[in-house]
Amino acid sequence: MAERKTTKKVVRVEVDETAAERAESTEAGASTDWKPTAEAKSQATGLRWGAWGFWAGALIGEGLAIYWLLWLEPFKPAVSAPWFVNSETALWLLLGMLLGIGLLAVAGSQLWKKANRLDPAKKSEPVRFFVQNQLGAIITMIAFLPLIILIFLNKDMDGKQKGIAGAVGIVVLIVATLLGASFNPPSVEQYANEGQIPEYTAIVEELTGQDYVTWTQSGSVYHLCLDASAVNRVSADGAIYEGTVDAAHADGKEGLTLQVEQELGECGLPEPENLDELEAEIRELRETVDVDNAPAEEPAEEPAG
């Protein structure tokens, strides 16, 4: 390989072990058409039923709390219901119910997120992808917002009681919603991409003789060497990252560049006789997981001096 001429900072990236283990444990292996195994699908279904059980408990708890607030009117000084000794007791029971609803909502959300890791949705179906991954947060808001609104609208509670119950309800709602939301949810495309690591590794090793690639933080793909022009453009952090194909995928890169012939020349590497076949394979891998064939860096970037 030609002597490295880059003037940018070079950062060595070691593969995240958890990402490597997940890629190795994907039974799709070298297949790009990723599907959950029958065992994973069955386990995910069980977890989702469990999640709905916890969420049903949260929604029933909400209904009971509303019933007590609206119909039994325990906060009226003149009313003596068998469930409450006085309005102070009613307040403590209401606070306990708010916490209980929150715990049930969070328990359901954790089971649901675990199920989504086993059987994820497709990013290519954006509505389903959003609903499936954010259902925990949605159910939590349904379980809390009506109750919190009715607390503040209740005519029998005094200002202090509304303030305490409303504040607790809002805090529990925020915490439970954050715990129920998925900020970096998995997708079928992601798992398919991870399943392509063996194929990409074989292609890179055939082209360069080693499992070694380079990339930048702003790029969507990885490249064949440090002297590839795509990684020597000005980038946000002024650095080139290097490591294995596995490490590049763990860092969020989607696949190998399509500019293979150009980079072989830039890297001082010989062109293999089956270059056309390798380029076709790369293109097929990229298209299978719906990778954007955009340039690795922003168009506005200029080559570094």
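Residues numbered from 1 in each chain as written. Predicted model: local features only at pLDDT ≥ 70, side-chain atom pairs only at ≥ 80, totals over all residues. Heavy atoms only, no water.

## Side note on the overall build of the chain
Here is step 1 of the chain: On a plain count of helices and strands, the chain comes out with ten helices and three strands.
Here is step 2 of the chain: Considering only residue pairs separated by 6 or more positions, the chain has 79% of its internal contacts joining residues 24 or more positions apart.
Here is step 3 of the chain: Surface summary for the chain: the accessible area is close to 15,800 Å², and the carbon and sulfur share equals 59%. (Helix = DSSP H or I, 4+ residues; strand = E, 2+ residues; numbered from the N terminus. Contact = heavy atoms within 4.5 Å. Areas by Shrake-Rupley, 256 points an atom, 1.4 Å probe, with all protein chains shown as cover.)

## A short note on the confidence of the model for the chain
Here is step 1 of the chain: Looking at the chain as a whole, the pLDDT averages 79, with 76% of positions reaching at least 70.
Here is step 2 of the chain: Note that residues 291-305 has pLDDT below 50 and, in this model, 35 contacts with residues that lie over four places away or in other chains. (pLDDT = per-residue confidence, 0-100.)

## Remarks on the environment of Gly 108
Here is step 1 of the chain: By secondary structure assignment, the location of Gly 108 is in helix 3 (residues 87-118).
Here is step 2 of the chain: Sequence separation of Gly 108 and Phe 54 is 54 residues, and the distance between their C-alpha atoms is 5.0 Å.
Here is step 3 of the chain: Setting aside residues no more than four positions away along its own chain, Gly 108 makes contact with Ala 51, Phe 54 and Trp 55.

## Here we look at the pattern of salt bridges
Here is step 1 of the chain: Within this structure, the stated rule accounts for three salt bridges.
Here is step 2 of the chain: We note a salt bridge from Arg 48 to Asp 119, for which the minimum N-O separation is 3.3 Å. With Arg 48 in helix 2 (residues 38-72) and Asp 119 in the loop between helix 3 and helix 4 (126-153), this pair connects stretches of sequence that are 71 residues apart. Each of the two residues, Arg 48 as well as Asp 119, counts as buried.
Here is step 3 of the chain: Between Arg 128 and Glu 125 there is a salt bridge, with its nearest N and O atoms 3.7 Å apart.
Here is step 4 of the chain: Take Arg 128: its relative accessible area is 53%, and that puts it in the exposed class. (Salt bridge = Lys/Arg side-chain N within 4 Å of Asp/Glu carboxyl O. Buried < 20%, exposed > 50% of the residue type's maximum accessible area, 1.4 Å probe, protein only.)

## Focus: the side chain of Thr 214
Here is step 1 of the chain: By the element assignment, Thr 214 lies in strand 2 (residues 213-215).
Here is step 2 of the chain: Engagement of the side chain of Thr 214 in a polar contact is seen with the backbone oxygen of Cys 225, the distance being 2.8 Å.
Here is step 3 of the chain: In this view, Thr 214 contacts Tyr 222, His 223, Cys 225, Leu 226, Val 231, Ile 240, Tyr 241 and Glu 242; residues no more than four positions away in its chain are not counted. (Polar contact = N/O pair within 3.5 Å; in protein donor to acceptor, adjacent residues only side chain to side chain.)

## Things to note about the packing of helix 6 (residues 188-195) against helix 7 (residues 197-208)
Here is step 1 of the chain: Orientation of helix 6 relative to helix 7, taken along the N-to-C sense of each, is 40°, at an axis distance of 5 Å. Comparing the axis directions of helix 6 and helix 7 gives the class oblique. Here Asn 193, Glu 194 and Gly 195 of helix 6 come into contact with helix 7, specifically with Ile 197, Pro 198 and Glu 199.
Here is step 2 of the chain: Of the residues in the contact of helix 6 with helix 7, the class split is two nonpolar, two polar and two charged. (Axes fitted to C-alpha atoms, helices over the stretch in contact; angles between N-to-C directions. Parallel < 35°, antiparallel > 145°, perpendicular 65-115°, else oblique. Nonpolar A, V, L, I, M, F, W, Y, C, P; charged D, E, K, R; others polar.)

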